[in-house]
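# Survey of secondary and tertiary structure
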Amino acid sequence: MDSPLLPHGVKRCSTWAFFFWTLPWLALLAWGGLSAFLCLWKGLNQTNMSNIFAFALWIVFDLAIIALGAGAFFTGFLTYVMGQKELKNIIKPAVIIGFICYSGAMAMLGIDIGQPIRGWFIFWHANIHSMLVEVSFCITCYLMVLAIEFIPIILENRKLEEIKELRIFGHNLHEIMAVFAATGTFLSFFHQGSLGGMFGVMYARPFAAREGFYIWPWTFFLFVLSAIAVGPCFTILCTKLTEFFTRKKLVPDSAIQLLAKISAWLLSLYMVLKIFDYLGWMYGIVPRSGLTFESFFREGPYGVYLIVAEMVFCGILPAIILMTPKARQNQGLLIIACLLNCTGIVLNRFLFIIVTLAIPVMPFDRFWGYLPTWQEWGIGMAVVGYGFLVFSAAYRYLPIFPKERELNPITE
Amino acid sequence: MKKANDHGKFKYGMVIDIDKCTGCGTCMVACAAENNVAVRADQSDKERTITWMRLYKISNGKEFPKAEVSYFPRPCMHCDHHPPCVSVCVATATKLDFNTGIVSQIYTRCIGCRYCQAACPYGARYFNWWDVFPQDKGMDRYLTPEVSPRMRGVVEKCTFCHQRLMRAKTLAYAEDRREIEEGEYVTACAEACPAQAITFGDLNNPEHEVSKLIKHPFTFRLLERIGTEPKVYYHSNRDWIRKLGDNFLPGEYTPVVNKSWAEEEWSTKPGRDEF
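In short, a report on the structure. (Residues numbered from 1 in each chain as written. Chains lettered and ligands numbered in written order. Predicted model: local features only at pLDDT ≥ 70, side-chain atom pairs only at ≥ 80, totals over all residues.)

## Points about the environment of threonine 183 of chain A
- Residue position: threonine 183 of chain A is located in helix 9 (residues 177–200).
- Residues threonine 183 of chain A and tyrosine 142 of chain A, 41 residues apart in the sequence, show an inter-C-alpha distance of 8.1 Å. (Helix = DSSP H or I, 4+ residues; strand = E, 2+ residues; numbered from the N terminus.)

## Thoughts on helix 1 (residues 15–42) of chain A
Residue and element names in this part refer to chain A.
- In a regular helix each residue adds 1.5 Å, so 28 residues correspond to 40 Å; helix 1 covers 39 Å between its end C-alpha atoms and thus fits that length.
- The largest bend in helix 1 amounts to roughly 35° and is located at leucine 23, with the proline proline 24 lying one to four residues further along.
- Among all positions of helix 1, only Trp25, Leu28, Leu29, Gly32, Ser35, Ala36 and Cys39 are buried.
- On the buried face of helix 1, the contacting elements are helix 4 (91–112) and helix 16 (374–397).
- Just past helix 1, the residue glycine 43 takes up positive phi, approximately 105°. (Expected span 1.5 Å × (residues − 1). Bend = angle between axes of the 7 residues up to and from the residue. Buried ≥ 20, exposed ≤ 12 C-beta atoms within 10 Å, placed from the backbone. Contact = placed C-beta atoms within 7 Å.)

## Focus on the interface of chain A and chain B
- Listed by partner, the interface residues are 37 residues for chain A and 44 residues for chain B.
- Only helix 5 (121–124) and helix 6 (131–154) of chain A provide two or more residues apiece to the side of chain A that touches chain B.
- With three residues, the top contributor of residues to the side of chain A that touches chain B is helix 6 of chain A.
- Partitioned by chemical class, the residues of the side of chain A that touches chain B number 20 nonpolar, 15 polar and two charged. (Nonpolar A, V, L, I, M, F, W, Y, C, P; charged D, E, K, R; others polar.)

## Re the environment of serine 194 of chain A
Residues and elements named next belong to chain A.
- Along the chain, the position of serine 194 falls in helix 9.
- Overall, serine 194 belongs to the buried group, with 26 C-beta atoms counted inside 10 Å.
- Sequence separation between serine 194 and leucine 132 is 62 residues, and the spatial gap between their C-alpha atoms is 7.1 Å.
- Once residues within four sequence positions are removed from consideration, serine 194 is found in contact with Met131, Glu134, Val135 and Phe220.

## A few points about the packing of helix 2 (residues 57–68) of chain A against helix 15 (residues 331–358) of chain A
All names here are of chain A.
- Where helix 2 meets helix 15, the axes come as close as 9 Å, and the angle between the chain directions of the two elements is 145°. Like other packed secondary-structure pairs, helix 2 and helix 15 cross with a definite hand, here right-handed. Between helix 2 and helix 15, the contacting residues are Ile59, Val60, Leu63, Ala64, Ala67 and Leu68 on the first element and Cys342, Ile345, Val346, Arg349, Phe350, Ile353 and Ile354 on the second.
- Its residues assigned to classes, the contact of helix 2 with helix 15 shows twelve nonpolar, no polar and one charged. (Axes fitted to C-alpha atoms, helices over the stretch in contact; angles between N-to-C directions. Left-handed = near helix turned anticlockwise from the far one by under 90°.)

Shown next as structure tokens:
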């Protein structure tokens, strides 16, 4: 039915099969739509957020997907600025994943604030001392950069390419992509960093507070590093997932292995610095506030096991797997390592957001726990559904894997 | 009067005598009534109710007959040094007024991101989870006219009854006085406390009672070592209460050393510590 829109020389499932494939994701979007409507109409009382858990599931989702989406800017940086030609085979899916993550995060933030209509106050009445302002400015600008990077990919659609003006426009845009890749890298560096800075600067919350360099707490640099360590792994995971569902090889192993190797080095460096960060914090800020490391986990559902999981099972372990050439060449181990890496970074964000707020600072206050409502899950899941829909549509209608034809010749 | 204020010579603060506090909660009620704090039919969800002034019950954890219970009334601390909530606000909706020391909140500018709530270690900031004050039920007739009710989706906090300062200044201006006297500007909680446990005034004015009280060796502040420099002080002659005012590593807390002063001041009060 939609065959004129499909790329040349590649095999795609039937329109009906594609339609049925989209149904579960559309259902997630409908769930999210209902949740968003309730939250906007009735207010944030629809959530289980409270005066204790001022930040909750949505912020964890936001920070997690923004870190996972870092594959876009970092792969762009490696491809266009560092000249890693091999990565041209994976840059397009990386950009699309980045676009999905960032646009999804922006939409969630729009619902998360109590007065969405006043969202523009961030720009109009900007408090330049606030890390969140830096995040908002950079994310907004970077989303525009991502949109610009996405446009030439969309214009490669078979039908759109037939229009001469669009073809020339897309081609010229493609020529100057290095400029946007560099801009994206600059913007991403600052918002990934300031997302970490947001928590490091909360000096009155000893669990999150960190010392640092000049105005930037250590979390600023650690968040940048962790994002570029996990971004390529998430790109690999999404590619592998696409290969699994389409039962095709889409990206040459060399590109995947290069990304995995870069991720391995960055993750290893991150783990070393993170260990120093934890030690510096445990023997610096924590005792200075009159607390001990154990006192943070005296009560409540969150325990030391979260940090052990973050550092050992989801940090050092994937770093070792990815560092070992034999191990990362094994498909199963590669996927496990990427999954663990992603889980570790999400856990790190969870610790900084939920656990920070669950721990009381006043000695006579109590520990708290939090469980999201279905409305909160709905909006989080809608981003997942949105991601699957956009990526599936992009795969179906756009030639996002340049080597697909070569790797899967049609033999008819 | 404006000229006097330009030099930032006022620094309003309060001293709460925990030994006098009975935990009756009048301060909470007076605060809520004065400041049009939203009240819902069911106030049992304590994680989401709004209590600018909140009582925390504390105990020394001992068995009878040594068991003791007390209360920490906790308004906003109006931190004097780099308030954790102010620098994080995205829309510059909250600020520390250097002329009065009051940390204010602009409700119509707050976008409700709640970053300030996350940053405040005292839990002194509250978000409006619901629409309240329905116009058709006559509740608006109970509102204090000088205080704007808050809309859903914004953060609010104790303002040291800023409207009362405005009122006192207006009165002084009308009477052609340059400055307001001690006692002319008092917060609702301080005024209402039946035990007179709360003293309010200008910490910079040596004539004011608060500036004398904060020099007392039994006076302390909440979470002092974090460095927020609160302008709300507490006073207790019981060591276990003073110890609960901050986090201490084992062996770190030293009881008040100025024993002779303490003995002189408190010798008439029976049944207290071993002073």
